[in-house]
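# Structural description and commentary
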Amino acid sequence: MEEKLSAVAKTFKPSPIQELSHLAQRCNAINLAEGYPDFPAPSHIKTSAISAISSDFNQYRHVQGICDLLAKKLKEIHGLDVNPLTDIAICCGQSEAFAASAFAIIDKGDEVILFDPCYETYEGCIALAGGVPVYVPLDPPHWTLNPDKLKKSFTERTKAIVLNSPHNPTGKVFAKDELEVIAAECCTRNCLAITDEVYEHITYGENKHTSLASFPGMQERTIITSSLSKTFSVTGWRIGWAIAPTFIASAIRNIHIRITDSAPAPFQEAALTALRSPPNYFESLRTDYESKRDYILKLLAEIGFKIEFKPQGSLFLFVELPDNCPLSDVECVKQLIEQAGVVAVPGCGFFHTNLYLEKNPRFCNRYIRFAFCKSDSTLASAAQKLSSVKL
């Protein structure tokens, strides 16, 4: 009966990362692979969610107040004027917001530009919509954007470009001049943009997040997707949103309703409390994560990983194997699990073969991603286990 599967479904296969996850579970390894916190969510929003459940906000629901607060924040932070009644769709996390956005704008054969390395969910959503991913490689070790590579990636079939900043897996925050290049190409070629801004409040030092939609000519062609998940340590609540021009937001909302109908009602209520958090909450978030970043960065450098790029945002370190290490990224992660009881993610899962490349460059199997969104005790335990490892 397998022949009854759709052609798209047949393209989705288990990855080596899943096999490593099973190995990690058998070894009871410390999880520095997945980007979710293992410490408690903020008490003020948990209390709000509990209150909402007790007050019987447990049925299909649209909480307009979320849209009102998001519109206010976009004006304050990015200077964008958004109509909260027509331009925002509340979805089940950023993942659904991105998928609904892809389904809203992509037709079969449309090409969509992505920056490589990139989060694998984007490719899947584009493929399900019938689109064709086109990858523009960022240049290591600082993952800089080469404007010529971007310009050459456009064809008459290009419909949209996807931008994730701060960036998973590298931790890059796209610079103003890079954003200007992307915006100029979108405007010149009448191309749409979908942004993933889930790490918008998690940046370090002088690096600040700037939405692509804030550049001249871009608001009318940009779909912003984001969520509560990373900012408020509630990745399981699945509250996200898409913000777009009215006609696109309407299409996204219609698709969302037909797929899931409603985001979880009590967590929508709690989102009101989260989005009203005072400025010191967001500053404390950045400070705490910056400390965790520096702790794990120092640890991995002492083990022997090459660290030529210090993450400017997000929750990840993307480190390179030393030149004299004969192992691939997958082999190294397997060794870390078996010998140290710590699991990370092989970088090969974030690199993709482009339409015009026969194979990926050699460095694509030389990187490993570590997540540092963990409790201090978890990071200390990982440090103890990894202290005996030498690459």
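This report concerns the structure included in the present document. (Residues numbered from 1 in each chain as written. Predicted model: local features only at pLDDT ≥ 70, side-chain atom pairs only at ≥ 80, totals over all residues. Heavy atoms only, no water.)

## Some words on the environment of Ser21
Along the polypeptide, Ser21 turns up in helix H2 (residues 16–26). Spatially, the C-alpha atoms of Ser21 and His352 are 21 Å apart, while their sequence positions differ by 331 residues. (Helix = DSSP H or I, 4+ residues; strand = E, 2+ residues; numbered from the N terminus.)

## Observations regarding the layout of surface pockets
In this model, the second largest pocket occupies a volume close to 170 Å³. In this structure, the second largest pocket is lined by Phe39, Pro40, Ala41, Pro42, Ser233, Tyr281, Ser284, Leu285, Asp288, Tyr289 and Lys292. Here the lining of the second largest pocket is built from residues that sort into 7 nonpolar, 2 polar and 2 charged. (1 Å grid on protein atoms, 1.4 Å probe; cavity = no way out; pocket = protein on both sides within 12 Å on 5 of 7 lines; lining within 4 Å. Points joined across faces, edges and corners; volume = space filled by probe spheres on them. Nonpolar A, V, L, I, M, F, W, Y, C, P; charged D, E, K, R; others polar.)

## Quick notes on helix H11 (residues 279–303)
The terminal C-alpha atoms of H11 lie 37 Å apart, and with 25 residues this matches the ideal 36 Å at 1.5 Å per residue to within 8%. Taken residue by residue, H11 has Tyr281, Phe282, Leu285, Arg286, Tyr289, Lys292, Arg293, Ile296, Leu297, Leu299, Leu300 and Ile303 as its buried positions. Where the residues of H11 are buried, they touch helix H3 (43–54), helix H4 (64–78), strand S9 (316–320), strand S12 (367–371) and helix H13 (376–386). Downstream of H11 by a residue or two, Gly304 has a phi angle that is positive, lying close to 130 degrees. (Expected span 1.5 Å × (residues − 1). Buried < 20%, exposed > 50% of the residue type's maximum accessible area, 1.4 Å probe, protein only. Contact = heavy atoms within 4.5 Å.)

## Some points on the sheet that holds strand S6 (residues 192–196)
Taken together, 7 strands build an open sheet; the order of strands is S2-S8-S7-S6-S5-S3-S4 and the sheet is mixed. Both outer strands of the open sheet, strand S2 (88–91) and strand S4 (132–137), are each paired with one neighbouring strand and no more. Put simply, the sheet's adjacent strands are angled 20 degrees from each other on average, direction ignored. One ladder, built from 6 bridges, connects strand S3 (residues 111–116) with S4; its direction is parallel. Across the sheet, residue Glu111 finds its bridge partner in S4, namely Val132. Docked against the sheet, helix H6 (residues 121–128) engages S3, S4, strand S5 (158–164) and S6, running at close to 150 degrees with respect to S4. Contacts between helix H8 (residues 176–188) and the sheet are confined to S3, S5 and S6, with S5 contributing the most and set at about 160 degrees to the helix. (Pairing = 2+ DSSP bridges. Axes fitted to C-alpha atoms, helices over the stretch in contact; angles between N-to-C directions.)

## Quick word on empty space enclosed by the protein
Inspection of every chain in the model, using the stated rule, returns 5 cavities of 30 Å³ or more. Empty space within the largest cavity amounts to approximately 180 Å³. For the largest cavity, the lining is made up of 17 residues, of which Leu70, Lys73, Glu200, His201 and Trp241 are closest to its centre. Those elements that place two or more of their residues in the lining of the largest cavity are H4, strand S7 (222–227) and strand S8 (240–243). Of the residues contributing to the lining of the largest cavity, the split by class is 9 nonpolar, 5 polar and 3 charged.

## Examining the sheet that holds strand S11 (residues 345–346)
With antiparallel pairing, the 3 strands of this open sheet are ordered in space as S9-S12-S11. Two strands lie at the open edges of the sheet, namely S9 and S11, each paired on one side alone. Against the sheet, H11 contacts S9 and S12, and its axis sits at roughly 15 degrees relative to S9. The strands that helix H12 (residues 329–340) touches are S11 and S12; relative to S12, the one it contacts most, it runs at about 45 degrees.

## Brief notes about the nonpolar core
Counting residues in hydrophobic clusters, the biggest one holds 102 residues, and the most contacted among them are Phe115, Leu150, Ile182, Leu228, Phe305 and Phe370. No other element matches H11, which puts 9 residues into this core. With residues near it in sequence (within four places) discarded, Phe370 still touches Leu32, Leu300, Phe305, Leu315, Phe316, Leu317, Val319, Leu336 and Ala344. Of all hydrophobic cores here, the second largest spans 28 residues; its members include Ile106, Leu114, Ile223 and Ile248. (Core = buried A, V, L, I, M, F, W, Y, C linked by side-chain atoms within 4.5 Å.)

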